[in-house]
Amino acid sequence: METNFGPKVIFELPGGVIITETVVNTWIIMGVLIIGALILVRNFEKKPKGVQNAVEMIVDMIYKLTEQGMGKDKLGFAPYVGTLFFYLVFANLWGLTGFRAPTADTNTTFALAIITFFMIHFFGVRKKGILGYLKGFTEPIPFMLPLNIISELATPISLAFRLFGNIVGGLIIMSLLYGALAGLSVKLGLPVPIFEVAIPSIFHMYFDIFAGVLQSFIFVMLTMVFVSMAMD
Amino acid sequence: MEYTDFFTAFINWLLSFDKKALILAFSAIGAGLAMIAGIGPGVGQGYAAGIGAEVTGDNPKESKQSIMVMLLGAGIAETSGILSLVIALILLFGNPLINLDGDKLVLAASAIGAGLSMIAGIGPGIGQGYAAGKGCEASSKNPEASKSSMLVMLLGSAVAQTSGIFSLVIALLLMYANPLATIEGHQLILAASAIAAGLAMIAGVGPGVGQGYAAGKAAEAVGINPESSRGATLVMLLGSAIAQTSGVFSLVIALLLMYANPLVTLEGATIILAASALGAGFAMISGIGPGLGQGYAAGKGTEAVGLRPRLQAEVVKTMILGQAVAQTTGIYGLIIALVLLFANPLLQLL
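Since we're looking at a predicted model, the values are computed, not measured.

Moving on, we get to the nonpolar core. Ranked by size, the top nonpolar core spans 146 residues in total, and within it Ile 87, Ile 170, Leu 173 and Ile 320 of chain B carry the most contacts. Here this core takes 15 residues from helix α6 (residues 195–231) of chain A, the largest share from any one element. Aside from chain neighbours lying at most four places away, what touches Ile 320 of chain B is Leu 222, Val 225, Phe 226 and Met 229 of chain A together with Ile 242 of chain B.

Another point: the packing of helix α5 (residues 145–187) of chain A against helix α13 (residues 245–259) of chain B. At a minimum axis distance of 9 Å, the contact between α5 of chain A and α13 of chain B shows a crossing angle of 65°. At the point where α5 of chain A passes α13 of chain B, the crossing takes the left-handed sense. For the pair α5 of chain A and α13 of chain B, contact is made by Ile 157, Ser 158, Phe 161, Arg 162, Gly 165, Val 168 and Ile 172 of chain A and by Thr 245, Val 248, Phe 249, Leu 251, Val 252 and Leu 255 of chain B, respectively. Of the residues in the contact of α5 of chain A with α13 of chain B, the class split is nine nonpolar, three polar and one charged.

Moving on, we come to the pattern of salt bridges. For the structure on display, the rule yields ten salt bridges over all chains. Among the ionic pairs, Lys 72 of chain A bridges to Glu 67 of chain A, the shortest N-O distance being 3.3 Å. The closest approach of N and O atoms between Lys 74 of chain A and Asp 232 of chain A, which form a salt bridge, is 3.1 Å. Here the residue Lys 74 of chain A occupies a position in the loop between α2 (51–70) and α3 (78–93), and Asp 232 of chain A occupies one in the segment after α6, the gap between them amounting to 158 residues. On the basis of relative accessibility, which here comes to 49%, the residue Asp 232 of chain A falls in the partly exposed class. Taken together, the salt bridges that share partners define one network made up of Lys 134, Glu 137, Lys 141, Lys 217, Glu 220, Lys 300 and Glu 303 of chain B.

For the rest of this paragraph, the subject is the packing of helix α9 (residues 162–176) of chain B against α13 of chain B. Residues and elements named next belong to chain B. Taken N-terminus to C-terminus, the directions of α9 and α13 make an angle of 10°; their axes are 10 Å apart at the nearest point. By the criterion of interaxial angle, the relationship of α9 to α13 is roughly parallel. Across the interface between the two elements, Phe 166, Ile 170, Leu 173 and Leu 174 of α9 pack against Gly 247, Val 248, Leu 251, Ala 254, Leu 255, Met 258 and Tyr 259 of α13. Across the contact of α9 with α13, the residue classes break down as ten nonpolar, one polar and no charged.

About the cut-offs
Residues numbered from 1 in each chain as written. Chains lettered and ligands numbered in written order. Predicted model: local features only at pLDDT ≥ 70, side-chain atom pairs only at ≥ 80, totals over all residues. Heavy atoms only, no water. Core = buried A, V, L, I, M, F, W, Y, C linked by side-chain atoms within 4.5 Å. Buried < 20%, exposed > 50% of the residue type's maximum accessible area, 1.4 Å probe, protein only. Helix = DSSP H or I, 4+ residues; strand = E, 2+ residues; numbered from the N terminus. Contact = heavy atoms within 4.5 Å. Axes fitted to C-alpha atoms, helices over the stretch in contact; angles between N-to-C directions. Left-handed = near helix turned anticlockwise from the far one by under 90°. Nonpolar A, V, L, I, M, F, W, Y, C, P; charged D, E, K, R; others polar. Salt bridge = Lys/Arg side-chain N within 4 Å of Asp/Glu carboxyl O. Parallel < 35°, antiparallel > 145°, perpendicular 65-115°, else oblique.

Below, the structure is given as structure tokens:
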């Protein structure tokens, strides 16, 4: 049975840059999102109807979520929040298509977590000034300085691994399950692998849809909360 | 030197057995270890049943609905017990390890690792049982909001299962897709790594209990104030996600030990390397504390938002600040585990 759950290398660019499944799948998702956005916003009118209604509802929802997570004064973050959320939902549900979810790779989750990390500190400095920002590390008492530094550094690590762990856990369980069901079909000598049809769907519901959407939501919420906490 | 002799004698004694016999013997231990998870559902369901009895006494007319909620929640709390039972039965009746190629000591240790990993099931069992009890209580106190409090309870319980699922992943990997068995040599280090991967996963007890507490508090909050359902659910999910952190760290260490084991490439005394793997696994157990504590904070945060939805931003802020501090000892454990694996200072001392 397969014992390697890492992403496969698809091809190598000159200069030794390795292009894995993760990168290719990310390109596809980027394409789907960009083309989808371009198609959906065509022919917008003053009076919304049809598709425009649905799009406006989604945009409203993202703005409401941003307001709830960050406060009214930080609505400027909504476009990033929306983009991040849609990318994560697509990436986490990508496993359903039979391809590998890009978020089952620490490179993807760390890239996203590092963006959050820089947002926390950039906006913290911009809002409070460099001195006010540095002073934040000695609060509530100067004794807390090392603890505060550790917890700032731990934030992106736990953010990245939380997403990765949940998605890769689902990926491993699903591939073990498919392997076991295929083994069962072969053992019983069935010409058609009927076990692989219905049984995995319940597991896909939990591991891909439930965990995927929940973890997207959590990543976005935590990003919002951390950034807005750095600014307040 | 007497002790090293004892150790060598022990390993040699183990190696003197036939491969199949050794794996089967260790599988017996693994099956027993897995069943320890039964502590969780036992405690949790007992709590739920107690609340069920209490609400029947308080409000006999509405008790039918709340008892149903209690039974549903208790059924979910059984999940980790059932998962452990499945692992134990596989080890007993359909042991996949005896058919694998590889070193017998590594395969035998994998059976123990799989069993140890399942112990994490204690957490979800207790936590989901608490949630079931609170859901039952909420349903009895406010029968009209019974459905929404039950839904929140189910959502929270599904989240609380996460660490149990992580443990199942590690146990199944050790049994069916064992990456350690295919590595040549280093049998003692690899065997220790298999056991350590299982040990690390025990940290899942913490997040399981903590997230279950948060789920219970969310069900309670929705029962008291159905209007606050959205905010309470949100805070519960956020708090639970942070309470999951130590469980995720353990999963990462376990996967590292299995797929990118740095110890097998190091030069040094085998006994130190093998013991370092075990030490890394033990260090990760510290995650029980942060998981429990952060879950408690998540539960209290949810309760506060349920009572005062308008103060959500402030409550979340305080909750997350406190949870970040509560993570500290778990991060110390992680640092020690990573030092043992990647920058072991003990090797140079010899």
